[in-house]
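Below, each chain spelled out in residue letters.
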Amino acid sequence: MMQKGADDLLKQSFQAGMLGIVFAVIPLVVKAMIQPDMAYMGLFAGLGIGFQLLGLSLAVLVLRRKKISDRQKEKAKKMTLILAVALLFFMLA
């Protein structure tokens, strides 16, 4: 991971974060609209939180690098903030 560029890590962070948000929304939608006691919905919630943590850790990894541009640093800060808020929401839901 340390040999990849900051832009590649930010792209992977975005993809993992979006995948995590999609996986975490599935149980909420199923519970609200389809069937509240459907099996294996905890699996999707766990995968969603796991992918969000992966995305968050990749964004923090970019922030901890020494030689990155200001644009990359701002992107990483925004990604960290958005994924932290999403993670908090889905953990409390």
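Refer to the structure presented above.
Presented here is a report on the structure given in the accompanying data block. Residue numbers here run from 1 along each chain, matching the order of that chain's written sequence. Given that the model is predicted, a residue must reach a pLDDT of at least 70 before its local features are reported, and side-chain atom pairs must reach 80 or more before they are shown or counted; all residues, however, enter totals for whole chains, interfaces and linings. No hydrogens and no water enter the side-chain calculation; it runs on all heavy atoms of the structure.

### Points about the pattern of salt bridges
Here's step 1: One side-chain nitrogen of Lys or Arg within 4 Å of one carboxyl oxygen of Asp or Glu is enough to make a salt bridge. Scanning the entire structure with this criterion turns up 1 salt bridge.
Here's step 2: Put simply, Asp7 and Arg71 hold a salt bridge, and the shortest N to O gap is 3.8 Å. Here the residue Asp7 occupies a position in helix α1 (residues 6–34), and Arg71 occupies one in helix α3 (residues 70–92), the gap between them amounting to 64 residues. By definition, any uninterrupted DSSP run of H or I lasting at least four residues is a helix, any uninterrupted run of E lasting at least two residues is a strand, and each is numbered from the N terminus.

### Section: the environment of Val22
Here's step 1: With respect to the helices and strands, Val22 occurs in helix α1.
Here's step 2: Working definition: with a 1.4 Å probe on protein chains only, accessible area under 20% of the residue-type maximum means buried, over 50% means exposed, and in between means partly exposed. In this structure Val22 comes out as partly exposed when scored by relative accessible area, which is 45%.
Here's step 3: Each C-alpha atom, one on Val22 and one on Leu81, is 18 Å from the other, the two residues being 59 residues apart in sequence.

### Thoughts on the packing of α1 against α3
Here's step 1: Here an axis means a line fitted to C-alpha atoms, over the contact stretch when the element is a helix, while the angle between two N-to-C directions is reported on a 0 to 180 degree scale. Viewed as axis vectors pointing N to C, α1 and α3 meet at an angle of 15°, and their least axial separation amounts to 11 Å. Regarding the angle of α1 to α3, the classification is roughly parallel. Where α1 crosses over α3, the handedness of that crossing is left-handed. Every residue of α3 that contacts α1 at Ala6, Asp7, Leu10, Ser13, Phe14, Gly17, Ile21, Ala24, Val25 and Leu28 is listed here: Arg71, Gln72, Lys75, Ala76, Met79, Leu83, Ala86, Phe89 and Phe90.
Here's step 2: Side-chain classes follow a simple rule in which Ala, Val, Leu, Ile, Met, Phe, Trp, Tyr, Cys and Pro form the nonpolar group, Asp, Glu, Lys and Arg form the charged group, and the remainder, Gly included, forms the polar group. In the contact of α1 with α3, the residues fall into 13 nonpolar, 3 polar and 3 charged. An angle below 35 degrees is read as roughly parallel, one above 145 as roughly antiparallel, one from 65 to 115 as roughly perpendicular, and any other as oblique. Each crossing is labelled by how the near helix is turned from the far one, with a counterclockwise turn of less than a right angle marking it left-handed and a clockwise turn marking it right-handed. Contact definition: two residues touch when any of their heavy atoms are within 4.5 Å.

### Things to note about the packing of α1 against helix α2 (residues 41–63)
Here's step 1: Here α1 crosses α2 at 160°, and the two axes come no closer than 7 Å. As the angle between them shows, α1 and α2 are arranged roughly antiparallel. Of the two possible hands of crossing, α1 and α2 adopt the one that is left-handed.
Here's step 2: When the residues that make up the contact of α1 with α2 are grouped by side-chain class, the tally is 21 nonpolar, 7 polar and no charged.

### Looking at the nonpolar core
Nonpolar side chains in soluble globular proteins tend to be buried together.
Here's step 1: Core analysis: the largest hydrophobic core is formed by 7 residues, namely Ala6, Leu9, Leu10, Leu58, Val62, Ile68 and Ala76.
Here's step 2: For this core, the elements supplying multiple residues, two or more each, are α1 and α2.
Here's step 3: The biggest single contributor to this core is α1, with 3 residues. Residues belong to a common nonpolar core when they are buried Ala, Val, Leu, Ile, Met, Phe, Trp, Tyr or Cys residues joined through side-chain atoms within 4.5 Å.

All we've got here are geometric facts, nothing functional implied.
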